[in-house]
Amino acid sequence: MKSLKMKKEFKVIADFLPNDTRVLDVGCGDGSLMNFLKEEKNIEVRGLELNQENVQQCIHKGLPVIQGNAETELHQFPNQSFDYVVLSQTLQAFYNPEEVLKNLLRIGKAVVVSIPNFGYWKIRLLMMAGRMPMSSRLPSKWYETKNIHLCTIKDFEELCAELNLKILEKIYLNDHGRPLKKLKRGNLLAAEGVYLIGA
C-alpha cells in the first residue's frame, strides 16, 4: 500500500520510534519506510507484505521481509517479539480491523497506526456531490479501492476506547502530510491521523 516515494507521513511515524529498537512494519509496501528507519534511526526492522512485487523490491533493497496476509498470518509472531509495530494506511483494508489491532499489540509493546480520515471536510464535500471520494490521498476509483471499512478519526478513536487501547500520542496531518500542531480535534480538518497506541 505504501508508495515508492518517501511520504511526509513516514517522518511523523519515525518520530514516534526511538533509535535502536525492533520494529515490524505490517503492510510494508516497497520498503521505503523500513529503509528510512534502518538508515536514519538504526532500527532493526522487518516487514510483512502481501504484494509479491513489493516483496521483491524489499528484497532488492536488502530488507528482511515475509510475504503474507496480515489478517491471517500475524499468529506466527510470538508475543512481544518487537518493541513497536507499524501499520501505515492499511487498517481500512482489513475485514476485521479490531482483531488486527489486538494482534499487533500482542506482538509489539506499542503500535503506530496511520489512517486516512473519511470525515475530512474535502471528502465530505465530495460525498455531498453523491459520489465516492477520489483525491491525491485516495486515488482509486470506488471499484478499484482496497478499502473495506472506511472510518473517520472520530470512529477510530471510539474503537480504541471500546477495545480499551490507550492513545499515547496522536498527530493530525493536512492534505500535504504536514502536522497540524495546534489541532486538538481532527475529525473535520485533518486528512489523516497518526497514532501511537498501547494496551
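Our subject is the structure that appears above.
From a predicted model like this one, the values you see are computed outputs, not experimental measurements. (Residues numbered from 1 in each chain as written. Predicted model: local features only at pLDDT ≥ 70, side-chain atom pairs only at ≥ 80, totals over all residues. Heavy atoms only, no water.)

Asker: I'd like a rundown of the environment of Asn42, residues and numbers included.
Answerer: Looking at where Asn42 falls in the secondary structure, it is placed in the loop between helix H2 (32-41) and strand E2 (44-49). For the pair Asn42 and Thr21, spaced 21 residues apart in sequence, the C-alpha to C-alpha distance is 7.8 Å. Dropping the residues within four chain positions of it, Asn42 is found in contact with Asp20, Thr21 and Leu37. Here the side chain of Asn42 touches Asp20 through a polar contact of 2.6 Å, side chain to side chain. (Helix = DSSP H or I, 4+ residues; strand = E, 2+ residues; numbered from the N terminus. Contact = heavy atoms within 4.5 Å. Polar contact = N/O pair within 3.5 Å; in protein donor to acceptor, adjacent residues only side chain to side chain.)

Asker: Outline the pattern of salt bridges, listing residues and values.
Answerer: All told, the structure shown has 7 salt bridges when counted by the stated rule. The salt bridge partner of Asp83 is Arg22, with a shortest N-O separation of 3.4 Å. Here Arg22 lies in strand E1 (residues 22-26) and Asp83 lies in strand E4 (residues 82-88), a separation of 61 residues in the sequence. A relative accessible area of 14% places Asp83 in the buried class. For Arg22, a relative accessible area of 28% puts it in the partly exposed group. With a closest N to O distance of 3.5 Å, Lys102 and Glu99 form a salt bridge. (Salt bridge = Lys/Arg side-chain N within 4 Å of Asp/Glu carboxyl O. Buried < 20%, exposed > 50% of the residue type's maximum accessible area, 1.4 Å probe, protein only.)

Asker: Kindly report on the packing of helix H1 (residues 8-16) against H2, identifying the contributing residues and their values.
Answerer: Contact geometry of H1 with H2 gives a least axis separation of 10 Å together with a crossing angle of 50°. The orientation of H1 relative to H2 falls into the category oblique. The chirality of how H1 crosses H2 is right-handed. Mapping the contact onto sequence places Phe10, Lys11, Ile13, Ala14 and Asp15 in H1 and Ser32, Leu33, Phe36, Leu37 and Lys41 in H2. Residues of the contact of H1 with H2, tallied by class, amount to 6 nonpolar, 1 polar and 3 charged. (Axes fitted to C-alpha atoms, helices over the stretch in contact; angles between N-to-C directions. Parallel < 35°, antiparallel > 145°, perpendicular 65-115°, else oblique. Left-handed = near helix turned anticlockwise from the far one by under 90°. Nonpolar A, V, L, I, M, F, W, Y, C, P; charged D, E, K, R; others polar.)

Asker: Pulling in residues and values, what's your account of helix H5 (residues 97-107)?
Answerer: Within H5, the full set of buried residues consists of Pro97, Val100, Leu101, Leu104, Leu105 and Ile107. Buried residues in H5, looked at end-on, bunch into an arc of 155°, giving them a common side. Tucked into the core, H5 has its buried residues touching E1, helix H4 (70-73), E4, strand E5 (108-116), helix H7 (153-162) and strand E7 (192-198). (Arc of directions from axis to C-beta.)

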